[in-house]
Amino acid sequence: MGNENNILDQVTQGEYKYGFYTDIETDIAPKGLNEGIIRLISQKKNEPEFMLEFRLKAFEKWKTMKQPNWAHLSIPPIDYQDISYYAAPKKKKEIGSLDEVDPELLDTFNKLGISLEEQKRLTGVAVDAVFDSVSVKTTFRGTLEKHGIIFCSFSEAVQNHPDLIKKYMGSVVPAGDNYFAALNSAVFTDGSFCYIPPGVRCPVELSTYFRINTAGTGQFERTLIVADEGSYVSYMEGCTAPMRDENQLHAAVVEIVALKDAVVKYSTVQNWYPGDKNGKGGVYNFVTKRGMCKGSHSKISWTQVETGSAITWKYPSCILLGDYSVGEFYSVAVTNNHQQADTGSKMTHIGKNTKSTIISKGISAGVSNNSYRGLVKISRRAENSRNFSQCDSLLLGDKCGAHTFPYIDTQNSSSIVEHEATTSKISDDQLFYCLQRGIDTEKAIGLIVNGYAKEVLKQLPMEFAVEAQKLLSISLEGSVG
Amino acid sequence: MLKIKNLHVSIEGKEILRGLNLEVNPGEVHAVMGPNGTGKSTLALVITGREGYEITEGEITYKGKDLFELSTEERALEGIFLGFQYPVEIPGVSMTNFMRTALNEHRKYRGLDPISAADFLARMEEKRKLVDIHDKLTNRSVNEGFSGGEKKRNEIFQMAILEPSLAILDETDSGLDIDALKVVANGVNKLRSKDNSTIIITHYQRLLEHIIPDFVHVLFDGRIVKSGGKELALELEQKGYEWLKAEAV
Ligand SMILES: Nc1ncnc2c1ncn2[C@@H]1O[C@H](COP(=O)(O)OP(=O)(O)O)[C@@H](O)[C@H]1O
Ligand SMILES: [Mg+2]
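Residues numbered from 1 in each chain as written. Chains lettered and ligands numbered in written order. Predicted model: local features only at pLDDT ≥ 70, side-chain atom pairs only at ≥ 80, totals over all residues. Heavy atoms only, no water.

Draft legend 1. Highlighting the state of the cysteines. Residue and element names in this part refer to chain A. Taken as a whole, this structure holds zero disulfides over all chains when the rule is applied. Distance from the sulfur of Cys318, which forms no disulfide, to the nearest cysteine sulfur (Cys293) is 5.6 Å. We classify Cys318 as buried; its relative accessible area is 0%. (Disulfide = S-S within 2.5 Å. Buried < 20%, exposed > 50% of the residue type's maximum accessible area, 1.4 Å probe, protein only.)

Draft legend 2. Highlighting the pairing of strand S4 (residues 54–62) of chain B. Residues and elements named next belong to chain B. Relative to S4, strand S1 (residues 2–11) is paired through seven bridges, and the arrangement is antiparallel. Looking across to S4, one finds that His8 is bridged to Glu57. Across two bridges, the pairing between S4 and strand S5 (residues 65–66) is antiparallel. Along S5, the bridge assignment pairs Tyr62 with Lys65. Counting the residues between successive antiparallel strands, the hairpin from S4 to S5 contains two residues, one of them, Lys63, with a positive phi of roughly 50 degrees. (Pairing = 2+ DSSP bridges. Helix = DSSP H or I, 4+ residues; strand = E, 2+ residues; numbered from the N terminus.)

Draft legend 3. Here's a closer look at unusual backbone geometry. If you check the backbone angles, A:His297 has positive phi at about 60 degrees while not being a glycine. For A:His297, the position within the fold is in the loop between strand S9 (284–293) and strand S10 (299–306).

Draft legend 4. Looking closely at the coordination of the magnesium ion (ligand 2). All names here are of chain B. Each protein donor to the magnesium ion (ligand 2) is listed here as Ser41 (OG) and Gln85 (OE1); together their distances run 2.1 to 2.3 Å. A residue pair is termed long-range when its members are at least 10 positions apart, and Ser41 in helix H1 (residues 40–48) and Gln85 in the loop between strand S6 (80–83) and strand S7 (90–94) qualify at 44 residues. Taking the relative accessible area as the measure of exposure, Gln85 reaches 17% and is therefore buried. (Donors = N, O, S within 2.8 Å, 3.2 Å for Na, K, Ca; no water.)

Draft legend 5. Expanded view of the pattern of salt bridges. Residues and elements named next belong to chain B. Taken as a whole and assessed by the stated rule, the structure comprises 33 salt bridges over all chains. Between Glu235 and Lys239 there is a salt bridge; the shortest N-O distance is 3.1 Å. Here the residue Glu235 and the residue Lys239 both occupy positions in helix H8 (residues 231–239), the gap between them amounting to four residues, near one helical turn. (Salt bridge = Lys/Arg side-chain N within 4 Å of Asp/Glu carboxyl O.)

Below, the structure is given as structure tokens:
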């Protein structure tokens, strides 16, 4: 891990050296957050009136709110007036070839098995000459259009599909839902939008990588996925390569709506810069992710592999409104060094015969802190509903912490809620057993950790799963012995 | 193969091995016997490089190399295999994945490419039959939910796959019924060759009815107090260890 951090340091610092900031600032808002800035954002983006209203309402709400402090996290004070909330899309400095990239970073990519083309894209090598990404995207777009699927940036959707945005934006995560969601609603600049028409099974995994006109992930990203009746979509967010970002604070919102009989699978691999070995730097990731199973027999499944960020505050949740709807949450969260994660899920059962599953696997190493926080709420109406939660913690070493905070609120007697929790350690005996078979410590930890997380990893789309497996091993390199 | 000279080992300040000598040549089978708590497992763990043991005196050479210069996994890769007295469970890691990883590490060490999936499965199948282990076990996680006897067979199974030069079997016979014992012995005998050596640690004579050792040693109070041929095992079985106390001082 130490190595990786150094590389990340070098790379990020390298960009400052190359004058990353100097050539772009023709279009940047002054620091600070006020109504004027929000109007500026909306105007720059040429938004319809309802968008401005949404933003201003959120801002009014946000001003009355306080940053939550109930999580098992120690968050350094954040000065929200010291952030610039609008900048024209930043251009990455382009370099000629991979030969100019730090060999150690390339080594990490190779360990992760990331293809050469992908490596070039991630490190900002000009790709046109070597890899015709435009044609891939065009083919991809053609496939989607044929099925009537809309997949575009949020800004584009606001311009081209205002009715859908107006109808669904904020319907799952209201503008003033929580402090970070309110902030996002007030100032977000872009994100992704996806609509799957009735009865359509999206034939490809939708990945933000293929979204047209993407300009990197924003600090306040917003995603809206609407799966119309009887449709199916599998959506992948993030990538396993180490993601560096000069923005320390990230507050994204993801909303999913599943209508009758629709199925949405949302997979995330999050590997943002976690800070250095001493806990300096790193991204704060405060995300609100929520899905609404609006129609009967609908299903939303969240799968996440979280290895990055200095602080993670994230609870992908499901509101099970439709009868017989299903919510799932599968999570592996790794914390190492000084990382802190407070993550889990909320399952709110409202419809009858609704079912939810929570499988959470926390892995802590170094002096990190890893908490699971979950709420299972079964309303009076939600007769014959079921939840099963399994929360496991794995500790590497004895300086890290694992905590479980399960909350259960059942308001009818025909429902069944089951909760299981375990805490285990990688024992010296297990490591010695592996070593004695010729498997070195790092490989052994990789094997054991991947075995431990298997139930979650198998939920990921195939190629994502293979990469995620390697990522888990790499994230824990040097954490024992 | 293996030469141990005047080995002294302490755990947490307490001396367990107190001047142990042992020489094992290629092709030989040695039995190390002795009552509980005399340091038999300690010897096996020191040879294989388990942490926590303080070597205060003495030396071990293996294939002419100073063993203490090699890391734990290097010793394994150099062909030393330990059949554990208490095999550990590794949840979530399938036997297949575990053994393929181990075998490929051995191959890499010898400059070979990873084994193909088909060849590996064929090898698993062949060795599985040798130790008569149920194929449902090889699909399970390492040792998880295995009975005591299954765990021991699984050790021999792993040995068969890795084909070590020096196998140390620590009480592989304890907890086995007579049929299982025969299976284990059969496995060991099939793998016996003029180049490989085996150290069998046991405190019963019965395994030695099926695996005929070239030498029998009695470990008592941290030292080898008596060595002899296979008939020594029988003598021990009849007389117990008490009569050797005198020789231990
Ligand atoms: N990890 C340990 N810590 C402290 N004492 C130990 C440890 N392992 C073994 N011992 C002690 O060392 C002695 C020899 O143990 P062991 O080698 O397991 O004997 P054997 O295998 O011959 O039964 C015993 O007295 C035992 O209690
Ligand atoms: Mg023993």
